[in-house]
Each structure stands twice: as C-alpha cells, then as structure tokens.
Amino acid sequence: MVDLTYIADLSKIDALLEPHRTFLKSGYDRGVFLASGPKEPRTGGVILARADNRAELEKLIDQDPFKQEGVAEYRITEFNPVMKAENALL
C-alpha cells in the first residue's frame, strides 16, 4: 500500500493532477497498480499495488509527478494478504 500525504497547497496538486493520472495509468498498464484514489478529506491519496519487490515499486513511484515536484510524501507499507474476498484480484 502506498500512502501519499500532500505537503503543498491543493492548487499545486491540482496543477499536476493530469500528469499524475497519466502516471497512474502507466502503473495499471504494467499490472502493478490495483486501485487508487484520494483520501477523504483530501489530504493525500492511496495506491494499492502488487510488485515483485519493494525496489521495483519505489522505482515506479519515483516517476510520479507528485513526487518529482515535491508536493507529496510517500509511505509504502508492505503486507501479505492472508485473507481476501472470493472475487478479489490479489
């Protein structure tokens, strides 16, 4: 799980939203991202990801315009899903 916390004004976030969504699409196209969306209240976002290793995920996250422009902080939490819904894609 990737937990993003905004560290800049929302106007700066909004200015980078389209490039960020393009970045997210590339993660989905690679099969790494499973789900993503903003937090409520809008203080950041969450990306659920599946990667072979942490280094691979970190390398991908480094391509996020939010990270490149320094408007968000990232925290990766690794976990092993031992239970899931029957129809879950994990």
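Preceding this section is the structure that the text describes.
Residues numbered from 1 in each chain as written. Predicted model: local features only at pLDDT ≥ 70, side-chain atom pairs only at ≥ 80, totals over all residues. Heavy atoms only, no water.

Caption draft 1: Focus on the pairing of strand E3 (residues 44-49). The sheet contact formed by strand E1 (residues 2-6) and E3 spans 4 bridges and is antiparallel. For Leu4, the partnering residue across the bridge sits in E3 and is Gly45. In terms of strand pairing, strand E2 (residues 33-38) meets E3 through 5 bridges, oriented antiparallel. Bridging across to E3, Phe33 finds its partner in Ala49. (Pairing = 2+ DSSP bridges. Helix = DSSP H or I, 4+ residues; strand = E, 2+ residues; numbered from the N terminus.)

Caption draft 2: Here's a closer look at the pattern of salt bridges. Evaluation of the coordinates by the stated rule reveals 7 salt bridges. Here Asp29 and Lys25 are joined by a salt bridge, their closest N and O atoms 3.0 Å apart. One end of the pair, Asp29, and the other, Lys25, are both in helix H2 (residues 17-29), 4 residues apart, so they sit about a helical turn from each other. Linked by salt bridges that have partners in common, Arg54, Glu58 and Glu78 make up one network. (Salt bridge = Lys/Arg side-chain N within 4 Å of Asp/Glu carboxyl O.)

Caption draft 3: Seen up close, H2. In this model, H2 (13 residues) spans 18 Å end to end at C-alpha, consistent with the 18 Å of a helix rising 1.5 Å per residue. Taken as a whole, H2 has its buried residues at Leu17, His20, Phe23, Leu24 and Gly27. One face of H2 carries all of its buried residues, which in axial projection span an arc of 120°. Residues Glu18, Thr22 and Asp29 are exposed on H2 and point more than 90 degrees away from its buried face. Tucked into the core, H2 has its buried residues touching E1, helix H1 (10-15), E2, E3, helix H3 (54-61) and helix H4 (65-68). With its phi angle positive at about 80°, Gly31 sits one or two positions after the end of H2. (Expected span 1.5 Å × (residues − 1). Buried < 20%, exposed > 50% of the residue type's maximum accessible area, 1.4 Å probe, protein only. Arc of directions from axis to C-beta. Contact = heavy atoms within 4.5 Å.)

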